[in-house]
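# Topology and contacts: notes
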Amino acid sequence: MKKRPLSKRPTWDEYFLEVADLVSRRSTCLRRRVGAVLVKGKKILATGYNGAPSGLKHCVDVGCIREKLRIPSGQRHELCRGLHAEQNVILQAALYGVSTEASTLYLTNQPCSICAKMLINAGIREIVISDGYPDEMALRFMREAKIKIRKA
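Please read all numbers here as calculations on a predicted model, not as lab measurements.

### Considering the pattern of salt bridges
Taken as a whole, this structure holds eight salt bridges when the rule is applied. Across the salt bridge formed by Arg31 and Glu67, the nearest N and O atoms sit 2.5 Å from each other. Taken together, the positions of Arg31 in the loop between α1 (12–24) and β1 (35–40) and Glu67 in helix α3 (residues 65–68) put the pair 36 residues apart, joining distant regions of the chain. Given the relative accessible area of 30%, Arg31 is considered partly exposed. Using a relative accessible area of 42% as the deciding quantity, one classes Glu67 as partly exposed. The residue Arg76 makes a salt bridge to Glu78 at a minimum N-O spacing of 2.5 Å. Residue class for Glu78 comes out exposed when judged on its relative accessible area of 57%. Here the residues in one salt-bridge network are Asp13, Glu126, Lys148 and Arg150, joined through shared partners.

Right, here's the structure in full:
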C-alpha cells in the first residue's frame, strides 16, 4: 500500500459525514441517495441507507412509483417501496441488539417527519446533517423533543 503524505485530519463531524456519504452509495433509490451513521462515544454503532427491504426487488430494477406519479419530494412517503436510511439504521441497531439511546446520528440529509418521530422514540439526542430536506414539520418535532440538529 502506497503511503500518503500526512494531511490535516478530518474533524469527527467531517469523518462521520464522509462515512455517511460512503454508506449512501449503497442506496438503490432513483430519487435521492441517503446515508446514516449512528454514533456513540466516537464509535460507529450502525449504518443505514435508503432502499427496498431485504429480499425485495430494488427500485433501480422495478422503477419508482413516486416518479411515475410525479409526486414531489417530501410527499406521499407511504407509496415508496423503500425504507429511509434513518429507518434502516434504527432497524440494524435493533437487529443486532445495539442501544440507540443518547446517540448521535450523522445523515447526508435532514430527516422527514416520519423518521423524526422514530428518531425521537429511539432516544437519539443529536443529529448532524450535510444537506437539508423540505420538511419543516420534522424540524418542529425535533425542536420540541429537544433533539439538537445542526448542519456541518
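What follows continues from the structure just given.
### Regarding the side chain of His77
Within the fold, His77 resides in the loop between α3 and α4 (85–95). For His77, the residues in contact, after removing those within four places along its chain, are His84, Cys112, Ile114 and Tyr133.

### Some thoughts on the packing of aromatic side chains
A full pass over the atoms with the stated rule returns four aromatic pairs. Residues Tyr15 and Phe16 carry aromatic rings whose centres are separated by 5.0 Å and whose planes lie at 65° to one another, so their mutual orientation is edge-to-face. Here the aromatic rings of Phe16 and Tyr106 are separated by 5.1 Å at their centres, their planes lie at 40°, and the arrangement is tilted. Of this pair, Phe16 sits in helix α1 while Tyr106 sits in strand β3 (residues 104–107), placing them 90 residues apart in sequence. Note on accessibility: Phe16 and Tyr106 belong to one class, buried. Three or more aromatic residues link up through ring pairs in this structure, and these residues are Trp12, Tyr15, Phe16 and Tyr106.

### Some points on the layout of surface pockets
Of the voids in this model, the largest pocket is the one considered here, and its volume is about 350 Å³. Every residue lining the largest pocket is counted, 24 residues in all, and those nearest its centre are Cys29, Arg32, Asn50, His84 and Tyr133. Class assignment for the residues of the lining of the largest pocket results in 11 nonpolar, nine polar and four charged. Roughly 200 Å³ of volume is contained in the second largest pocket. Broken down by secondary-structure element, the contributors of at least two residues to the lining of the second largest pocket are β2 (43–49) and α4. In terms of residue count, β2 provides more of the lining of the second largest pocket than any other element does, three residues in total. Of the residues contributing to the lining of the second largest pocket, the split by class is four nonpolar, eight polar and no charged.

About the cut-offs
Residues numbered from 1 in each chain as written. Predicted model: local features only at pLDDT ≥ 70, side-chain atom pairs only at ≥ 80, totals over all residues. Heavy atoms only, no water. Salt bridge = Lys/Arg side-chain N within 4 Å of Asp/Glu carboxyl O. Helix = DSSP H or I, 4+ residues; strand = E, 2+ residues; numbered from the N terminus. Buried < 20%, exposed > 50% of the residue type's maximum accessible area, 1.4 Å probe, protein only. Contact = heavy atoms within 4.5 Å. Phe/Tyr/Trp six-rings, centres within 6.5 Å; stacked < 30°, edge-to-face > 60°. 1 Å grid on protein atoms, 1.4 Å probe; cavity = no way out; pocket = protein on both sides within 12 Å on 5 of 7 lines; lining within 4 Å. Points joined across faces, edges and corners; volume = space filled by probe spheres on them. Nonpolar A, V, L, I, M, F, W, Y, C, P; charged D, E, K, R; others polar.

What is shown is where atoms sit, not what they do.
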